[in-house]
Amino acid sequence: MNRTRCVLVRTDARSPMPNAQRPTPEIPTRYDPKATEQRLYEKWESAGYFRADPRHSTRMGGEREPYVIVIPPPNVTAVLHMGHGLNNTIQDVLIRWQRMRGREALWIPGTDHAGIATQNVVERQLAAEGKTRQEVGREAFVERVWSWVDKTGGTILEQLRAIGSSCDWSRTAFTLDEGLSRAVREVFVRLYERDLVYRGNYIINWCPRCLTALSNEEAEPEETTGKIWRLRYPIADEQPGQGDRTRTGTRTRSLARLPDGRRYIVVATTRPETMLGDTAVAVHPEDERYVGLHGALVDLPLTGRRISIVADAYVDPEFGSGMVKVTPAHDPNDFEIGRRHDLPAIDVLTDEARMSDEAPEPFRGLDRFEARTRVVAAFEEAGLLEGVEEHTHSVPHCYRCGTIVEPRLSEQWFVRMQPLAEPALAASREGRVRFTPDRWKKVYEHWLENIRDWTISRQLWWGHRIPVWYCRDEACAEVIVAREDPTSCPKCGGSLEQDPDVLDTWFSSWLWPFSTMGWPDETPDLKAFYPTSALSTAPEILFFWVARMIMAGQEFMGRERTGEPMDGIPFQDVYLHGTVRDNMGRKMSKSLGNGIDPLEVVDLFGADALRFTLLAQAGVGTDILMNPSDLGETFSPGRNFANKLWNAGRFALMNMGEDDVARVDAATLELPDRWILSRAQAVVQAVDQQLTVFRFADAAESLRQFFWGEVADWYLELVKPRLYGDHGDASRDVARSSLVEVMDTTLRLMHPLVPFITEELWLRLPRPRDVVREESLVIAKWPEARPELVDRGAEQTMAALIEVVSTVRTLRAEYNVPAGDELEVFIGGATPDLAGAVVREGSAIRRLARIREASVTAEPLQTDGRAGAHAVLRSGADLFIPLEGIIDLERERTRLEEEMARIAGQIVATEKKLENRQFVERAPADVVEREREKAASFRDQRDRLAAKLEALR
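Just so we're clear, the structure is a prediction, and the values are computed from it rather than from any experiment.

> Describe the overall build of the chain, and please don't skip the residues or the numbers.
Scanning the chain from N- to C-terminus turns up 29 helices and 30 strands. The C-alpha radius of gyration of the chain comes to 37 Å, more than 25% above the 30 Å expected for a compact globule of 953 residues. Principal-axis analysis of the C-alpha atoms gives the chain an extent of 115 × 80 × 55 Å. Per-residue burial over the chain gives 55% buried out of 953 residues. Contacts in the chain between residues at least 24 apart in sequence constitute 78% of all its contacts with a sequence separation of at least 6.

> Describe the sheet that holds strand β10 (residues 280–283), listing the residues and the values that go with them.
The 4 strands are arranged β11-β12-β10-β13 in an open sheet whose pairing can be described as mixed. Pairing within the sheet leaves two strands with one partner each, and these edge strands are β11 (297–300) and β13 (323–326). Neighbour-to-neighbour, the strand axes of this sheet turn through a mean angle of 30°, independent of strand direction. One ladder, built from 4 bridges, connects β10 with strand β12 (residues 305–311); its direction is parallel. Note that in β12 the partner of Ala282 across the bridge is Val310. Contacting β12 and β13, helix α8 (residues 332–341) runs over the sheet at an angle of about 85° to β13.

> Explain the environment of Ala377 to me, and be specific about the residues and the numbers.
Here Ala377 lies in helix α9 (residues 368–381). A sequence separation of 345 residues divides Ala377 from Asp32, and the C-alpha atoms of the two residues are 68 Å apart.

> Give me the lowdown on a negative patch on the surface, citing residues and values where you can.
Taken together, Glu26, Glu658, Asp659 and Asp660 make up a surface patch of like negative charges. Summarising the element assignment, Asp660 is placed in the loop between α19 (636–656) and α20 (671–692). Residue Asp660 is classed as partly exposed on the basis of its relative accessible area of 37%.

> I'd love a proper account of the side chain of Glu273, names of residues and values included.
In this fold, Glu273 is placed in the loop between β9 (264–269) and β10. Exposure remark for Glu273: the relative accessible area of 2% places this residue in the buried category. Apart from residues lying up to four places away in sequence, Glu273 is in contact with Val348, Met355, Arg368, Ala371, Arg372 and Val375.

> Describe the packing of helix α24 (residues 792–814) against helix α26 (residues 842–849), naming the residues involved and giving the relevant values.
The geometry of α24 relative to α26 is characterised by a closest axis approach of 9 Å and an angle of 25° between their N-to-C directions. Viewed along their axes, α24 and α26 adopt a mutual orientation that is roughly parallel. The crossing of α24 and α26 is right-handed. Only Ile845, Leu848 and Ala849 of α26 make contact with α24, whose side of the interface consists of Leu801, Val805, Val808, Arg809 and Arg812. Taken together, the residues of the contact of α24 with α26 break down into 6 nonpolar, no polar and 2 charged.

> An account of the nonpolar core is needed here, citing residue identities and associated values.
Formed by 223 residues in total, the largest nonpolar core has its most connected members in Met82, Phe188, Phe507, Trp510, Met551, Phe696 and Ile827. Of all the elements, helix α21 (residues 696–723) adds the most residues to this core, at 14 residues. The contacts of Ile827, once residues within four sequence positions are left out, are Val804, Leu834, Val838, Ser855, Val856, Thr857, Leu861, Ala877, Asp878 and Leu879.

> Please set out the sheet that holds strand β23 (residues 534–537) residue by residue, giving values where relevant.
The strand order across the open sheet formed by 3 strands is β16-β24-β23, and the pairing between neighbours is parallel. Only two strands of the sheet have a single neighbouring strand rather than two, namely β16 (434–436) and β23. Taking each pair of neighbouring strands and ignoring which way they run, the sheet shows an average axis angle of 15°. With 3 bridges joining them, β16 and strand β24 (residues 573–576) adopt parallel strand pairing. Within the sheet, the bridge partner assigned to Phe435 lies in β24 and is Val574. In the packing of helix α15 (residues 542–562) onto the sheet, contacts are made with β16, β23 and β24, and the angle to β23 comes to roughly 175°.

> Describe unusual backbone geometry, listing the residues and the values that go with them.
Geometrically, the link from Trp519 to Pro520 is a cis peptide bond, its omega value of 15° lying close to zero. Counting through the fold element by element, Pro520 comes out in the loop between α13 (512–515) and α14 (524–529). Geometrically, the link from Tyr530 to Pro531 is a cis peptide bond, its omega value of 5° lying close to zero. Structurally, Pro531 is set in the loop between α14 and β23.

> Break down helix α5 (residues 138–152) for me, citing the residues and quoting the values.
It helps to recall that an α-helix has 3.6 residues per turn; residues three or four apart then point in one direction. In this model α5 runs 21 Å from its N-terminal to its C-terminal C-alpha over 15 residues, within 8% of the 21 Å that 1.5 Å per residue would give. By the burial criterion, the buried members of α5 are Arg138, Phe141, Val142, Val145, Trp148 and Val149. Looking down the long axis of α5, one finds its buried residues gathered within 120° of arc, a one-sided arrangement. Facing away from the buried side of α5, by more than 90 degrees, are the exposed residues Glu139, Glu143, Asp150 and Lys151. In the core, the buried residues of α5 are packed alongside α3 (115–128), α4 (133–136), β5 (173–174) and β22 (502–503).

> Which residues make up the state of the cysteines, and what are the values?
The final tally for this structure, using the stated rule, is 0 disulfides. With no disulfide of its own, Cys401 lies 3.5 Å from the sulfur of Cys207, the closest cysteine sulfur. With no disulfide of its own, Cys492 lies closest to Cys471 among cysteine sulfurs, the gap being 3.4 Å.

> Account for the pairing of β24, with residues named and values stated.
The side-chain alternation of β24 yields two buried faces, one formed by Asp573 and Tyr575 and the other by Val574 and Leu576. The pairing of β23 with β24 spans 4 bridges and is classified as parallel. Within β24, the residue paired with Ala534 across the bridge is Asp573. Following the backbone out of β23, through α15 and into the adjacent parallel β24, one traces a crossover that is right-handed.

> Please set out the environment of Gly876 residue by residue, giving values where relevant.
Note that Gly876 resides in the loop between β29 (868–872) and β30 (878–882). Overall, Gly876 belongs to the partly exposed group, its relative accessible area being 43%. Separated by 245 residues in sequence, Gly876 and Leu631 have C-alpha atoms that sit 45 Å apart.

> Which residues make up the pattern of salt bridges, and what values go with them?
As enumerated under the stated definition, the model contains 73 salt bridges in all. Here Asp287 and Arg289 are joined by a salt bridge, their closest N and O atoms 2.7 Å apart. Exposure remark for Arg289: the relative accessible area of 25% places this residue in the partly exposed category.

> Explain the pairing of strand β6 (residues 197–207) to me, and be specific about the residues and the numbers.
For β6, a buried count of 8 out of 11 residues is recorded, marking the element as mostly surrounded by other parts of the structure. Judged from the 3 bridges that link them, β6 and strand β7 (residues 212–214) form a sheet pairing that is antiparallel. If you follow Cys207 over to β7, its bridge partner there is Thr212. Count of turn residues in the β6/β7 antiparallel hairpin: 4 residues, of which Leu211 carries a positive phi of about 55°.

Reading guide: rules and limits
- Just so you know, the residues in each chain are numbered from 1, in the order the chain's sequence is written.
- Selection of residues for local features in this predicted model requires a pLDDT of at least 70, selection of side-chain atom pairs for listing and counting requires 80 or more, and totals for whole chains, interfaces and linings are taken over all residues.
- Only heavy atoms go into the side-chain values, all of them from the structure, while hydrogens and water stay out.
- Strands are runs of DSSP state E lasting at least 2 residues, helices are runs of H or I lasting at least 4, and numbering of each runs from the N terminus.
- Restricting the calculation to C-alpha atoms gives the radius of gyration, and the globule rule supplies 2.2 Å times the number of residues raised to the power 0.38.
- Here's how the labels work: a residue is buried when its accessible area is under 20% of the maximum for its type, exposed when over 50%, partly exposed in between, all with a 1.4 Å probe on protein chains only.
- The contact rule is simple, with two residues in contact once any of their heavy atoms fall within 4.5 Å.
- In this analysis, strands are considered paired if DSSP registers two or more bridges between them.
- Interaxial angle, 0 to 180 degrees, is taken between N-to-C directions of lines fitted to C-alpha atoms, where a helix line uses only the stretch in contact.
- Note that patches include only residues with greater than 30% relative accessible area and no salt bridge, and the join distances are 9 Å for like charges and 5 Å for nonpolar side chains (Val, Leu, Ile, Met, Phe, Trp, Tyr).
- Under the convention used here, a 1.4 Å probe and the Shrake-Rupley method define accessible areas, while residue burial counts only the protein chains that appear.
- The salt bridge definition used is simple: a Lys or Arg side-chain nitrogen within 4 Å of an Asp or Glu carboxyl oxygen.
- Charge counting follows a simple rule: Lys and Arg are positive, Asp and Glu are negative, and His as well as the terminal groups are ignored.
- A charge is said to be at NZ when it belongs to Lys, at CZ for Arg, at CG for Asp and at CD for Glu.
- Just so you know how the angles are binned, under 35 degrees is roughly parallel, over 145 roughly antiparallel, 65 to 115 roughly perpendicular, and the rest oblique.
- With the far helix as reference, a near helix turned anticlockwise by less than a right angle produces a left-handed crossing, and one turned clockwise produces a right-handed crossing.
- For this classification, Asp, Glu, Lys and Arg are treated as charged, while Ala, Val, Leu, Ile, Met, Phe, Trp, Tyr, Cys and Pro are nonpolar and the rest, including Gly, are polar.
- As used in this record, nonpolar core signifies buried Ala, Val, Leu, Ile, Met, Phe, Trp, Tyr and Cys residues forming a set joined through side-chain atoms within 4.5 Å.
- The length a helix should cover is 1.5 Å for every residue beyond the first.
- Throughout, the arc means that of the directions going from the helix axis to the C-beta atoms.
- Count a disulfide wherever a pair of cysteine sulfur atoms falls within 2.5 Å.
- Looking down the strands as they point away from you, a crossover is right-handed if its path from the first strand over the helix to the second goes clockwise.

Printed below as a string of structure tokens:
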């Protein structure tokens, strides 16, 4: 048999590195985030790397395309939580990436005054002092809130610095800043002038804890287990035995009777206390059961009032009894029925959700839930409780304090949303605004298609005061909506009183993309940077904020400036990331005590470990699960990656020396160089594409696999002898150039994801001669794929060599070959490329796989009957390692036979269970399927063990 034999020669001797090439001794053995991150961040910020200049924007005649993100402004009361950590890391990745791509990147930071939340905090402080805001007075209370905000309001912005957020801090905005407040007032006045803002008496959502109205989006529905009570309302003006005719003389269906002979109807409710404010009962006009009752009166129990039965098409005759109690002051649908039938609206609740003076005497002043209990008891005592049953339904809760919200009739300020929603809907349908994941597009469009007017007034003192004044002269009653505070009534000259309410916090933040740039003035920032580029945020504020920003942008930056609303779209891409949850799938919250403090993670493991862990799990449309009770395990992906990056980077720096290197010359490269540089070009293209489509987890994995799985585990090992000078100076110089190129490219690619450790390593890299390298990765050029370095042949050959080494390593482990023993390897059926590569890279294979001698041939493998380990490579070649004299063959055969016997027993037990008809028919389908999978796995293990045993005989 003809064989090409290569005897692999030892290469343990290492040539000393020339003194000129010896590395600096200043590279620590361990990466210390605490000693590095703050130092680097302060350097970046003081150097002005994060600042954007409108003069550089192509929209202002400059040479750089702008790339702009406005931060979702966190509440001024907030501290950093893991949701902030995720969202701001994503934004920072995008900004750093685009900055490196040469765009004029601007990330505008800021905070929201958070009307309800901030006022609640200060009111709690007052309560601890035994005071109320009413006792303090409005002016003093607002001053106190400002004092508190001035002390603590910038906390979260400082915390964002700790995780590496490269915001343009010179443009930090606050929704109550003078300029932003001017924008809010301007918008209110313009909408009022267009009759898009109005004051009306409608059903709104009322929070009895925060004592303010809420928008529909702020009343968050929660599935709640409650009850449905079925109540009896007696028919009025009937004597016992009167018969089945109403006062109209029309026969209706026979109704049940009370013990005193009166007929009654049955209504159902989940809020019995509101029946005290009923003003009608409604039936469907075509419901034949109740045709004779149209216009009839019923006695409303507990109240001494009589109410009528009205016919209204809103009623679903198939639901329940087909009769609906109508409480116009406490239900939005009932309110509409009341308007159609001119029914009175009786508000039986106070602001604090206690029964008002409109309620009957026994119930006045009671808390709503206590009143519910007593109303039900009174119905039961009177024999008017038909029944009660458990009921799970959606109950709205205040999005700030979690209190159950009350639908309530109230006079408030509203925005007419339909005219604003139509262009925003068209923007999505026409692809002018794109959503990632795409499923949110339908959710967004459905909301706009069914939009309701927006309640914008809030019964608070902290916020933007509504710019409306009322003339105190009742005979005049003039209403003034003004950009500047008026001093007297323009109509009669009388004194004025300003509306006491403030605007919904979201009324200021929906202007955020352009109010932060100086609108309504035509500022350089507005010209250079609006519209912005992308928005990253959480899905739960898709309606609160995202949709409204699109509406506002089209209205004020489109229609009013250009006449075309589409010109004002604030951003083209909306990325809605997943939610950070605990390991049980619960959303992290203070109340559950299951949150993770990002700053604690930064303190323990560093910002890069936090960032990489989050990004590695940030799959498009998926939530992130984290275990609050085991931070070490939870953040091990980022911590391990950072450690690997530092250790491998340090090894490379220690062995490539400090001197500048020659530029990479493709003609001088050896196989490992050509392979790794070719792979680097593929990764450049992959990461660029993955970031373009917001696939952050994919980008993190591409970089992890490339650096850890190829650069660190293979290339550095392959290039070691050359760096040591074992292959001569020329080979060492080429290796240094290649390694510098690989490390430079890799660190640039990684920088947006893990900015600190990459900067610390990159600054120490030798520089290619005649190349001016940037002073920081923050402003360094993003890598571009170099076609001349793409070498598919080198990639295929190296893949085959890596497979050979990996296979030998695997077989060593499977057969318990002692780590120090060198092996003989035979490869048969090898392709010419594989055979040539094994010969050329023999020393590397020997060193990496601990092989003494390898024989490779194109002919079929012949083992000459020897016992050993066998594997088939992907190319179809056979690899064989003789094991006689290496391991105790008899002991290994005995071990394999014992393992096969154990597996055979498991196969019998599993198959016996599957042959049991009762088990297969009665057990859950997934349980049965798992047993089938176990049986298949056991059989596969048996077959592999049998093959190994045969090879050893």
